[in-house]
Amino acid sequence: MTPTQRLPESQTAPLAEQVVDLIPALRAFARRFTLDPSDADDLVQETLVRALRSLDSFHPGTSLKSWLFTILRNTFCTQYRKKAREGPGVTDCVSQYLTVAAGQEWSVAESEFRKALLRLSDDQQQILIMVAGFGFSYEEAAVVMDCAIGTIKSRLNRAREALAEEMGGNPLRQ
């Protein structure tokens with residue numbers, strides 16, 4: 001068969017099955033090129049698309065595995081050159097856009113929250129900021145405050161109720 005001739009459809013079907021059998025070997029080979037397993041899977045997928053699209057140009061008598069590995073390597077090199085050419089900081093990069101400022105409602109709510117928090121006692125402010133603001137666990141807060149966990153829980157509950165009342169809402173308990 002000359003290099004310009006194509007395989008008939010009846011011969012490409014068994015080759016497609018052989019390609020499927022070689023997927024684990026392709027994945028293992030792709031992982032040598034990339035550190036991220038999902039990138040390796042993407043590379044294998046792109047390789048399979050390219051190979052199956054041009055399966056009729058495969059030359060019988062040559063190694064299908066070598067042919068697929070060559071396609072994978074060439075696909076990786078093409079993608080690598082493309083990424084190097086584009087590089088970070090392209091003009092349409094999403095990272096260049098500024099975040100959207102909070103709406104007026106959020107600014108007002110934050111201002112009201114700060115004022116209500118400042119009207120609480122120092123102990124209530126401290127426990128709310130420690131647990132709700134900084135994410136301390138009850139155990140960590142108990143160590144810092146040098147008291148029992150149950151004390152932390154009750155102080156926090158009272159502080160939340162006081163904050164809800166200060167914000168003009170109903171207390172948490174009904």
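Our subject is the structure listed above.
Attention in this report is confined to the structure presented alongside it.

Conventions used here
- Residues numbered from 1 in each chain as written.
- Predicted model: local features only at pLDDT ≥ 70, side-chain atom pairs only at ≥ 80, totals over all residues.
- Heavy atoms only, no water.
- Axes fitted to C-alpha atoms, helices over the stretch in contact; angles between N-to-C directions.
- Helix = DSSP H or I, 4+ residues; strand = E, 2+ residues; numbered from the N terminus.
- Parallel < 35°, antiparallel > 145°, perpendicular 65-115°, else oblique.
- Left-handed = near helix turned anticlockwise from the far one by under 90°.
- Contact = heavy atoms within 4.5 Å.
- Nonpolar A, V, L, I, M, F, W, Y, C, P; charged D, E, K, R; others polar.
- Expected span 1.5 Å × (residues − 1).
- Buried < 20%, exposed > 50% of the residue type's maximum accessible area, 1.4 Å probe, protein only.
- Phe/Tyr/Trp six-rings, centres within 6.5 Å; stacked < 30°, edge-to-face > 60°.
- 1 Å grid on protein atoms, 1.4 Å probe; cavity = no way out; pocket = protein on both sides within 12 Å on 5 of 7 lines; lining within 4 Å.
- Points joined across faces, edges and corners; volume = space filled by probe spheres on them.

Orientation of helix α3 (residues 37-53) relative to helix α4 (residues 64-86), taken along the N-to-C sense of each, is 120 degrees, at an axis distance of 9 Å. Taken together, the axes of α3 and α4 lie oblique to each other. Every pair of crossing elements has a handedness; the one defined by α3 and α4 is right-handed. Contacts between α3 and α4 involve Leu43, Val44, Glu46, Thr47, Arg50 and Ala51 from the former and Trp67, Leu68, Ile71, Leu72, Thr75, Phe76 and Gln79 from the latter. Residue classes in the contact of α3 with α4 are distributed as 8 nonpolar, 3 polar and 2 charged.

Attention shifts here to helix α8 (residues 149-166). Here α8 is 18 residues long and its end C-alpha atoms lie 25 Å apart, about the 26 Å a rise of 1.5 Å per residue gives. Burial in α8 covers these residues: Ile152, Leu156, Ala159, Glu161, Ala162, Leu163 and Ala164. Among the structural elements, α5 (104-118), α6 (122-133) and α7 (138-145) are those in contact with the buried residues of α8. At the exit of α8 stands Gly168, carrying a positive phi of roughly 90 degrees.

We now examine the packing of aromatic side chains. Applying the stated criterion across every chain yields a total of 6 aromatic pairs. Between Phe29 and Phe33 the ring centres are 5.1 Å apart and the planes differ by 90 degrees, which places this aromatic pair in the edge-to-face class. On the basis of relative accessibility, which here comes to 21%, the residue Phe29 falls in the partly exposed class. Seen in terms of ring centroids, Phe33 and Phe76 are 4.8 Å apart; in terms of plane orientation they differ by 35 degrees. Their pairing is tilted. Pair noted here: Phe33 is in the loop between α2 (23-30) and α3 and Phe76 is in helix α4, with a separation of 43 residues, a long-range link.

Next up on the list: the layout of surface pockets. Taken as a whole, the largest pocket encloses approximately 160 Å³ of empty space. Around the largest pocket sit Thr34, Asp39, Asp42, Leu43, Phe76, Gln79, Tyr80 and Lys83, which together line it. Listed by contribution, the elements that provide at least two residues to the lining of the largest pocket are α3 and α4. Considering every element that reaches the lining of the largest pocket, the biggest residue donor is α4, with 4 residues. For the lining of the largest pocket, the residue count by class is 3 nonpolar, 2 polar and 3 charged.

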